Amino acid sequence: MEDGKWMELALAEARKGVGRTAPNPPVGAVLVKDGVLLGSGWHRKVGAPHAELEAIAAAEKFYGTGDLAGATAYVTLEPCSTVGKTPACTGGLIAAGVSRVVYACADPNPAHAGAADAILAAAGISVKSGVLRGECSEILRPFSKVQGTGLPWVIWKCAMSLDGKITRPAGEGQWLSGAESRMDVQRLRGEVDVILTSGETVRRDRPALTIRVPELLEGREQPWRVVMTDQPDTMPMDAPLFSDEWKERTLLRGRADMAGMLRGLVRDQGALSVMIEAGGKFSAAMIAAGLVDEAVIYHAPILCGDTVPALAGGAFPESIKLTGIRHETLGDDLKVRGLLVK
């Protein structure tokens, strides 16, 4: 029980890094001795100290170097064992004098998985893994998918009426969902590295696709905005994506090879996670191609009749079910979030 309690604190630290660390994973760590929390930390961005070293630095600041001897380190991901842009965390833990390391998930990179165990054990440090593995693995899904497949984690986000439409009848306002849902979308954008849309959506709606809440932008840049179109000459260059202060973070890509495009975002932009904000045809095509991992749907209490459907033209061989469903009420809207079963 004690291990689980401390790992929950490490997981809370790790969540602070979601959307900020790509191409690295979000990781959290805490140092504990004799039931007392000595220090905590999280990985803030690529090139910055890893979570373990942040926690060690915090503990040394308040307790001094000698007091860390005999402490237990709780980490959401197996400590790294190689030197990259930062020192290996195994070395930092050994130098700090910890006597025990507890981590939740093994490194998804097969070249590194399990390597920390032998290094730490050789230094006389006991190691335990698997504590809160399920909970911690959730925020590591994008990193794990990239490591295993070279593809980013893809979320389909949609606000729709109860009859499955994404536009209101002519002459009505543009919004289907309420203010609470729209604020939640801002938080969702803060989780991802890329927002993917279609040329049709840009021509019709001229969206900005930015994070507009200042605190959600702390420690990160605006997401990359990728417009999928085979007709780049038809793009309205006065639209926000091409004219605002973040226009350098807007990319145009063709639709011929969507999987290849996603791999390119991993390779060239370091992306771990992508969110689709587009019309029904493009969204259906991405889902039908098996490229979508998760759906976040905001159901508004409205019926729109003969307007634009949320999914259109996708040839699904069979119904696609969602699992791991989570429901949340946001004002009058119902948010449904779940994983697509493939």
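Let me sum up the structure you'll find in this document. Note that this is a predicted model, so its numbers are computed, not measured. (Residues numbered from 1 in each chain as written. Predicted model: local features only at pLDDT ≥ 70, side-chain atom pairs only at ≥ 80, totals over all residues. Heavy atoms only, no water.)

Section: helix 6 (residues 141–149)
Turning to step 1, where the next piece is worked out: Turning to helix 6, its buried residues are Pro-142, Phe-143, Lys-145 and Val-146. Across the axial projection of helix 6, the buried residues extend over an arc of 165°, all falling on one side.
Turning to step 2, where the next piece is worked out: Where the residues of helix 6 are buried, they touch helix 5 (133–139), strand 6 (153–161), helix 11 (258–269) and strand 10 (273–276).
Turning to step 3, where the next piece is worked out: Taken from the residues just after helix 6, Gly-150 is the one with a positive phi, measuring 80°. (Buried < 20%, exposed > 50% of the residue type's maximum accessible area, 1.4 Å probe, protein only. Helix = DSSP H or I, 4+ residues; strand = E, 2+ residues; numbered from the N terminus. Arc of directions from axis to C-beta. Contact = heavy atoms within 4.5 Å.)

Focus on the packing of helix 3 (residues 89–96) against helix 4 (residues 115–122)
Turning to step 1, where the next piece is worked out: As a packed pair, helix 3 and helix 4 sit with axes 10 Å apart at the nearest point and diverge in direction by 25°. With respect to each other, helix 3 and helix 4 are oriented roughly parallel. Between helix 3 and helix 4 lies a crossing whose hand is right-handed. Counted together, Thr-90, Leu-93 and Ile-94 of helix 3 and Ala-116, Ile-119 and Leu-120 of helix 4 form the full contact between these two elements.
Turning to step 2, where the next piece is worked out: Here the residues of the contact of helix 3 with helix 4 are counted per class, giving five nonpolar, one polar and no charged. (Axes fitted to C-alpha atoms, helices over the stretch in contact; angles between N-to-C directions. Parallel < 35°, antiparallel > 145°, perpendicular 65-115°, else oblique. Left-handed = near helix turned anticlockwise from the far one by under 90°. Nonpolar A, V, L, I, M, F, W, Y, C, P; charged D, E, K, R; others polar.)

Overview of the nonpolar core
Turning to step 1, where the next piece is worked out: Counting 37 residues, the largest nonpolar core has Met-7, Leu-31, Tyr-74, Leu-93, Val-98, Val-101 and Cys-136 as its most contacted members.
Turning to step 2, where the next piece is worked out: Secondary structure elements with two or more residues in this core: helix 1 (2–15), strand 1 (28–33), helix 2 (51–63), strand 3 (72–77), helix 3, strand 4 (100–105), helix 4 and helix 5.
Turning to step 3, where the next piece is worked out: Ignoring anything within four residues of it in the chain, the contact list for Val-101 reads Ala-73, Pro-79, Leu-93, Leu-120, Ile-125, Ser-126, Val-127 and Lys-128.
Turning to step 4, where the next piece is worked out: One finds Ala-278, Met-286, Val-292 and Ile-297 within the second-largest nonpolar core, a separate group that totals 29 residues. (Core = buried A, V, L, I, M, F, W, Y, C linked by side-chain atoms within 4.5 Å.)

Quick word on the sheet that holds strand 1
Turning to step 1, where the next piece is worked out: Taken in spatial order, the five strands line up as 2-1-3-4-5 in an open sheet, and their pairing is mixed. The open sheet terminates on both sides in strands that have one partner only, identified here as strand 2 (36–42) and strand 5 (126–129). The sheet shows a mean angle of 15° between the axes of neighbouring strands, taken without regard to direction.
Turning to step 2, where the next piece is worked out: Bridging between strand 1 and strand 3 involves four bridges; their strand directions are antiparallel. Within strand 3, the residue paired with Leu-31 across the bridge is Ala-73.
Turning to step 3, where the next piece is worked out: Strand contacts of helix 2: strand 1, strand 2 and strand 3, with the helix running at about 135° to strand 2, the strand carrying the most contacts. (Pairing = 2+ DSSP bridges.)

Points about the packing of aromatic side chains
To describe a pair of aromatic rings, you give the distance between the ring centres and the angle between the ring planes.
Turning to step 1, where the next piece is worked out: Following the criterion strictly, the structure yields zero aromatic pairs and no others.
Turning to step 2, where the next piece is worked out: When the ring centre of Trp-224 is taken as origin, the NZ or CZ atom of Arg-249, which lies over that ring, is 4.2 Å away. (Phe/Tyr/Trp six-rings, centres within 6.5 Å; stacked < 30°, edge-to-face > 60°. Lys NZ or Arg CZ within 6 Å of the ring centre and 35° of its normal.)

Regarding the pairing of strand 5
Turning to step 1, where the next piece is worked out: Note that strand 4 and strand 5 share four bridges and pair parallel. Paired with Arg-100 across the strands is Ser-126, a residue of strand 5.
Turning to step 2, where the next piece is worked out: The β-α-β motif built from strand 4, the intervening helix 4 and the parallel element strand 5 has right-handed crossover chirality. (Right-handed = clockwise from strand over helix to strand, strands pointing away.)

Brief notes about unusual backbone geometry
Turning to step 1, where the next piece is worked out: Cis rather than trans, the peptide bond between Ala-22 and Pro-23 has omega equal to 5°.
Turning to step 2, where the next piece is worked out: Residue placement: Pro-23 occurs in the loop between helix 1 and strand 1.
Turning to step 3, where the next piece is worked out: Unlike most non-glycine residues, Leu-132 shows phi in positive territory, near 55°.
Turning to step 4, where the next piece is worked out: Positionally, Leu-132 belongs in the loop between strand 5 and helix 5.
Turning to step 5, where the next piece is worked out: The phi torsion at Arg-206 lies on the positive side, around 50°, for a residue other than glycine.
Turning to step 6, where the next piece is worked out: With respect to the secondary-structure elements, Arg-206 resides in the loop between helix 8 (199–205) and helix 9 (214–217).
Turning to step 7, where the next piece is worked out: Taking the relative accessible area as the measure of exposure, Arg-206 reaches 37% and is therefore partly exposed.

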